[in-house]
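Residue-level structural notes
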Amino acid sequence: ANLEKPPVIVDLGADYGAFLRFAEKRWPGSKVHSVEFRADVFEFLKRTAADVKKVEVTTEFREATARYPPSGHAVWWTGSSTCPTPRVGPSTTSC
């Protein structure tokens, strides 16, 4: 799609930053907010973000755990262990 101005993009579960490389080529001048949930992978994401020049990048680490239901889709949960908050999928908490 042709956009009149560069988009603002939120990349949840940014992993190693492959999407950042794509966005740099596809939407120069865009703003990409990359969020990664795994601390070890976040370190790689920061390195990738430092190399990206044609888009404005912010990176953020959020601690989370993943559960894989029978559908195979990841469901990310954040918050405390006594009251987790679903980030994708239905809530099964009553707190």
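Higher on the page you've got the structure.
Read on for a plain summary of the structure. Here the structure is a predicted model, which means the values were calculated and not measured.

1. What about the environment of Lys54?
By secondary structure assignment, the location of Lys54 is in the loop between helix H2 (39-51) and strand S3 (56-61). Sequence separation between Lys54 and Pro28 is 26 residues; the distance between their C-alpha atoms is 5.2 Å. Those residues in contact with Lys54 that lie beyond four places of it in its chain are Glu24, Pro28, Gly29 and Ser30.

2. Brief notes about the pattern of salt bridges
Across all of its chains, the model carries four salt bridges by this definition. The partner of Asp51 in a salt bridge is Arg21, with the nearest N and O atoms 3.8 Å apart. Residue Asp51 is located in helix H2, and its partner Arg21 is located in helix H1 (residues 18-26); the two are separated by 30 residues in the primary sequence. Among the salt bridges present, the one from Arg38 reaches Glu36, with a minimum N-O distance of 3.2 Å. Classification of Glu36 as buried rests on a relative accessible area of 2%. Through salt bridges with shared partners, one network takes in Asp15, Glu36 and Arg38.

Quick notes on the rules
- In this convention, every chain numbers its residues from 1, walking through the sequence in written order.
- Given that the model is predicted, a residue must reach a pLDDT of at least 70 before its local features are reported, and side-chain atom pairs must reach 80 or more before they are shown or counted; all residues, however, enter totals for whole chains, interfaces and linings.
- Just so you know, side-chain values use all the structure's heavy atoms and leave hydrogens and water out.
- Secondary structure elements follow DSSP: runs of H or I no shorter than four residues count as helices, runs of E no shorter than two count as strands, and numbering proceeds from the N terminus.
- By definition, residues are in contact when any of their heavy atoms lie within 4.5 Å.
- Salt bridge, as applied in this entry: a Lys or Arg side-chain nitrogen positioned within 4 Å of an Asp or Glu carboxyl oxygen.
- Note on classification: 1.4 Å probe, protein chains only; a residue is buried when its accessible area is under 20% of the maximum for its type, exposed when over 50%, partly exposed between these limits.

In short, the description is geometric, and any link to function would need to be established separately.
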